[in-house]
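Descriptive structure summary
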Amino acid sequence: MPMKVLFIGGTGFISTAVSRLAIAEGFELYLLNRGSRGIDLPGSRQLTADIRNAADVRAALNDLEFDVVVDWIAFTPDDVERDLALFRGRVKQYVFISSASAYEKPPTHYLITESTPLSNPYWQYSRDKIGCEARLTQAHRDEAFPVTIVRPSLTYDRNLPIAIGGWGCYTLADRLRRGAPIIVHGDGSSLWVVTHAEDFARGFVGLLGDERAVGEAFHITSDEVLTWNQIYHTIAEALGVEANVVHIPSDFIAGVAPQMAGSLLGDKTWSVVFDNGKIKAFVPRFQAVIPFREGVARTLAWFAADESRRCIDDTVNAEMDRILAAYAGGPA
Ligand SMILES: NC(=O)c1ccc[n+]([C@@H]2O[C@H](COP(=O)([O-])OP(=O)(O)OC[C@H]3O[C@@H](n4cnc5c(N)ncnc54)[C@H](OP(=O)(O)O)[C@@H]3O)[C@@H](O)[C@H]2O)c1
């Protein structure tokens with residue numbers, strides 16, 4: 001009997017590659033989402049509902065039973081409370097997608113293991129993920145709720161893995177192509193790790209249905225360590241252009257654009273490198289094999305294949321120009 005797996009989400013930037021691999025590996029995969037992304041995953045079974053609509057979700061799930069449930073889009077303790085109500089006593093494994101930004105900031109050591117403490121005074125998103133983990137860990141302790149926690153770090157596929165320049169859009173690539181200035185936080189020398197979703201998928205799918213993974217937390221990343229300068233210059237190189245980089249201290253950016261404070265001061269400002277020993281011990285075949293140079297070429301080829309994918313976010317452009325002007329001494 002194939003293992004029956006439900007993904008809440010499943011057609012997103014990370015989860016699409018995971019869905020593809022799960023199907024290829026013979027899992028019976030159900031996807032619960034709004035069906036709005038036009039992503040074709042032959043072999044999956046679609047359950048259409050908005051996760052925020054309890055009646056629709058219950059109707060979509062009906063009396064289906066799953067071996068494994070993965071919630072890709074739980075962000076707050078209320079979200080996991082809903083999932084506990086939906087799935088307690090009904091699944092052998094529930095996977096919560098947390099975030100590596102939950103690891104302590106500032107880091108006391110650059111090398112992150114799953115035992116690195118969780119705390120993030122800078123970013124509410126990370127504190128909410130920590131709250132979710134705490135609630136699920138308590139449910140595991142008190143009622144044997146079979147949770148596995150996975151903490152992705154910056155993971156990409158049809159999106160550019162950048163700190164400033166837009167998420168899921170073509171805005172940064174367009175600026176690079178036009179020779180417009182781009183912002184790299186700090187002096188660009190802090191160390192960072194970006195992971196291709198197909199690499200992430202190989203580690204992740206190996207955890208599904210593994211009862212040893214219940215009660216455990218994992219990150220799954222590349223072992224390739226880059227500076228932010230290398231990340232942006234590699235993107236520029238793949239586009240065949242020179243990057244016009246302006247380095248701006250993170251705290252200056254956060255002062256001018258407070259909505260960026262969490263993601264910068266609570267995450268991308270700090271050097272982090274991940275020890276992937278734990279995921280490799282649980283899933284021995286896991287090894288990230290897609291270097292960024294190759295992964296970003298694939299991402300840009302995906303954008304290049306269809307003009308409608310190359311969307312430009314005017315708000316992101318305006319915000320970058322505003323920060324650049326403020327840094328150059330103009331009006332903030
Ligand atoms: N990418 C990273 O670098 C990174 C790093 C750390 C942590 N994470 C975590 O990874 C998770 C995101 O995974 P992802 O990249 O695959 O997601 P994503 O790109 O944000 O896609 C969201 C998925 O959820 C569905 N969805 C969104 N809103 C929904 C709703 N109201 N009801 C039902 N379905 C809904 C979407 O399909 P429809 O729109 O069709 O409904 C889609 O399948 C998050 O928990 C995030 O915190 C990501």
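Residues numbered from 1 in each chain as written. Predicted model: local features only at pLDDT ≥ 70, side-chain atom pairs only at ≥ 80, totals over all residues. Heavy atoms only, no water.

**Regarding the overall build of the chain**
Broken down by element type, the chain carries 12 helices and 15 strands. Its C-alpha atoms give the chain a radius of gyration of 20 Å, near enough to 20 Å, the size a compact globule of 332 residues would have. Along the first, second and third principal axes, the C-alpha set of the chain runs to 60 × 45 × 40 Å. Counting every position in the chain, which comprises 332 residues, the buried fraction comes to 55%. When contacts within the chain are restricted to residue pairs at least 6 apart in sequence, long-range pairs at least 24 apart make up 76% of them. By element, 52% of the accessible surface of the chain is carried by carbon and sulfur atoms, the whole surface being about 13,900 Å². Each charge class in the chain was averaged separately, 32 positive and 41 negative side chains, and the resulting centres sit 2 Å apart. (Helix = DSSP H or I, 4+ residues; strand = E, 2+ residues; numbered from the N terminus. Rg over C-alpha atoms; globule rule 2.2 N^0.38 Å. Buried < 20%, exposed > 50% of the residue type's maximum accessible area, 1.4 Å probe, protein only. Contact = heavy atoms within 4.5 Å. Areas by Shrake-Rupley, 256 points an atom, 1.4 Å probe, with all protein chains shown as cover. Lys, Arg positive; Asp, Glu negative; His and termini not counted. Charge placed at Lys NZ, Arg CZ, Asp CG, Glu CD.)

**Thoughts on the environment of Phe13**
Here Phe13 is to be found in the loop between strand S1 (4-8) and helix H1 (15-24). Between the C-alpha atoms of Phe13 and Leu47, which are 34 residues apart in sequence, the distance is 19 Å.

**Side note on the site of the ligand**
Taken together, 29 residues lie near the ligand, and Thr11, Ser15, Ser36, Trp72 and Tyr125 sit nearest. The contact in question runs from a nitrogen atom of the ligand to an N or O atom on the side chain of Asp50, over 2.9 Å. Lys129 has a polar side-chain atom sitting 2.8 Å from an oxygen atom of the ligand. When grouped by side-chain class, the residues that make up the shell around the ligand number 12 nonpolar, 12 polar and five charged. (Near = heavy atom within 4 Å. Polar contact = N/O pair within 3.5 Å; in protein donor to acceptor, adjacent residues only side chain to side chain. Nonpolar A, V, L, I, M, F, W, Y, C, P; charged D, E, K, R; others polar.)

**Digging into the side chain of Lys268**
Following the sequence through the fold, Lys268 ends up in helix H9 (residues 261-268). Accessibility expressed as a relative area gives 6% for Lys268, which makes it buried. Ignoring anything within four residues of it in the chain, the contact list for Lys268 reads Trp123, Leu154, Ile162, Ala163, His185, Ser190, Trp192, Trp228 and Ser263.

**Side note on the confidence of the model for the chain**
With 99% of its residues at a pLDDT of 70 or more, the chain shows a mean pLDDT of 97. Per-element mean pLDDT across the chain ranges from 95 in helix H2 (residues 54-61) up to 99 in strand S7 (residues 147-151). (pLDDT = per-residue confidence, 0-100.)

**Comments concerning the pairing of strand S2 (residues 28-33)**
By the criterion of burial, S2 is predominantly enclosed, with six of the six residues buried. Burial along S2 is two-sided: the face carrying Glu28, Tyr30 and Leu32 and the face carrying Leu29, Leu31 and Asn33 are both buried. Here five bridges tie S1 to S2, and the two strands are oriented parallel to one another. If you follow Phe7 over to S2, its bridge partner there is Leu31. Once you follow S1 into H1 and on to S2, the crossover reads as right-handed. Across four bridges, the pairing between S2 and strand S3 (residues 45-48) is parallel. Opposite Leu31, over in S3, you have Gln46 as the bridge partner. (Pairing = 2+ DSSP bridges. Right-handed = clockwise from strand over helix to strand, strands pointing away.)

**Quick word on unusual backbone geometry**
Each neighbour pair has its own omega, and for Lys105 with Pro106 the value is -5°, a cis peptide bond. Position of Pro106 among the secondary structure elements: in the loop between strand S5 (93-97) and strand S6 (111-112). The phi torsion at Ala144 lies on the positive side, around 55°, for a residue other than glycine. With respect to the element layout, Ala144 can be found in the loop between helix H4 (124-143) and S7.

**Describing the environment of His247**
Positionally, His247 belongs in strand S14 (residues 245-248). Separated by 198 residues in sequence, His247 and Ala49 place their C-alpha atoms 44 Å apart. Setting aside chain neighbours within four positions, we find His247 in contact with Val184, Gly186, Asp187, Gly188, Asn229 and Tyr327. In this structure the side chain of His247 is engaged in a polar contact, spanning 3.4 Å, whose partner is the backbone oxygen of Asp187. A polar side-chain atom of His247 sits 2.8 Å from a polar atom in the side chain of Asn229.

**So, the packing of aromatic side chains**
Under the counting rule described, the total for this entry stands at 17 aromatic pairs. Pairwise contacts between aromatic rings join Phe7, Trp72, Phe200 and Phe204 into one cluster. Here the basic side chain of Lys278 rests over the ring of Phe218, its NZ or CZ set 4.9 Å away from the ring centre. (Phe/Tyr/Trp six-rings, centres within 6.5 Å; stacked < 30°, edge-to-face > 60°. Lys NZ or Arg CZ within 6 Å of the ring centre and 35° of its normal.)

**What about the state of the cysteines?**
Under the counting rule described, the total for this entry stands at zero disulfides. Just so you know, Cys169 is unpaired, no disulfide at all, and the nearest cysteine sulfur is the one on Cys311, 5.5 Å from it. (Disulfide = S-S within 2.5 Å.)

**Details of the environment of Ser19**
Along the chain, Ser19 turns up in helix H1. Overall, Ser19 belongs to the buried group, its relative accessible area being 0%. With 89 residues separating them in the primary sequence, Ser19 and Thr108 have C-alpha atoms 35 Å apart. Of the polar contacts made by the side chain of Ser19, one reaches the backbone oxygen of Gly10; its length is 2.8 Å.

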